[in-house]
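# Architecture at a glance
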Amino acid sequence: AIAVALVDKLDLPWDTFRRRLMDEIATDPQRPYYESSSAALESMVVDLDLTTPAALDAAEPTERAPR
């Protein structure tokens, strides 16, 4: 959902993310899909200069609100 929102917000072709995801999966086919998707998204936002690797490393994950 985050990748879809980002692609839509920046008016990018969906293939911008899809190609990155395919490359990440090819790099490590045994890695869970979610991890490949996260890696593809992270590389995309860094390459688009939306953030830096250091900022991603410093970010703390948040917990999902209870339902």
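I will try to describe carefully the structure that is included in this document. (Residues numbered from 1 in each chain as written. Predicted model: local features only at pLDDT ≥ 70, side-chain atom pairs only at ≥ 80, totals over all residues. Heavy atoms only, no water.)

### Things to note about helix α2 (residues 15-27)
Note the following rule: Per the convention used, a helix needs a DSSP run of H or I reaching at least four residues, while a strand needs a run of E reaching at least two, with both numbered from the N terminus. For a helix, the expected span equals 1.5 Å multiplied by the residue count minus one. Buried, partly exposed and exposed residues are distinguished by accessible area as a fraction of the type maximum, computed with a 1.4 Å probe on protein chains only: under 20%, between the cut-offs, and over 50%, respectively. Taken from the helix axis, the directions to the C-beta atoms give the arc we talk about.
With 13 residues, α2 should reach 18 Å at 1.5 Å per residue; the first-to-last C-alpha distance of 18 Å fits that figure. Within α2 the residues assigned to the buried category are F17, L21 and E24. The arc that holds the buried residues of α2, viewed along the axis, is 65 degrees, so those residues lie on one side. Seen from the open side of α2, the exposed residues pointing more than 90 degrees away from its buried face are D23 and A26.

### As for the packing of helix α1 (residues 2-9) against helix α3 (residues 33-47)
What counts here: Between the N-to-C directions of two axes lies an angle of 0 to 180 degrees, each axis being a line fitted to C-alpha atoms and, for a helix, fitted only over the stretch in contact. An angle below 35 degrees is read as roughly parallel, one above 145 as roughly antiparallel, one from 65 to 115 as roughly perpendicular, and any other as oblique. Each crossing gets its hand from how the near helix is turned against the far one by less than a right angle, where anticlockwise is left-handed and clockwise is right-handed. Any pair of residues with heavy atoms lying within 4.5 Å of one another is described as a contacting pair. The residue classification treats Ala, Val, Leu, Ile, Met, Phe, Trp, Tyr, Cys and Pro as nonpolar and Asp, Glu, Lys and Arg as charged. All others, Gly included, are polar.
Here α1 crosses α3 at 25 degrees, and the two axes come no closer than 10 Å. Here α1 lies roughly parallel to α3, going by the angle between them. Considering the relative orientation of α1 and α3, their crossing is left-handed. Each of I2, A3, L6 and V7 in α1 lies in contact with α3, whose residues at this interface are L41, M44 and V45. For the contact of α1 with α3, the per-class residue count stands at seven nonpolar, no polar and no charged.

### Considering the pattern of salt bridges
Rule in force here: The rule for a salt bridge is simple: a side-chain nitrogen of Lys or Arg has to be within 4 Å of a carboxyl oxygen of Asp or Glu.
As enumerated under the stated definition, the model contains four salt bridges in all. R19 is paired through a salt bridge with D15; the nearest N and O atoms lie 3.9 Å apart. Note that R19 and D15 are positioned in helix α2 at a spacing of four residues, about one turn of the helix. The salt bridge partner of R31 is E24, with a shortest N-O separation of 2.8 Å.

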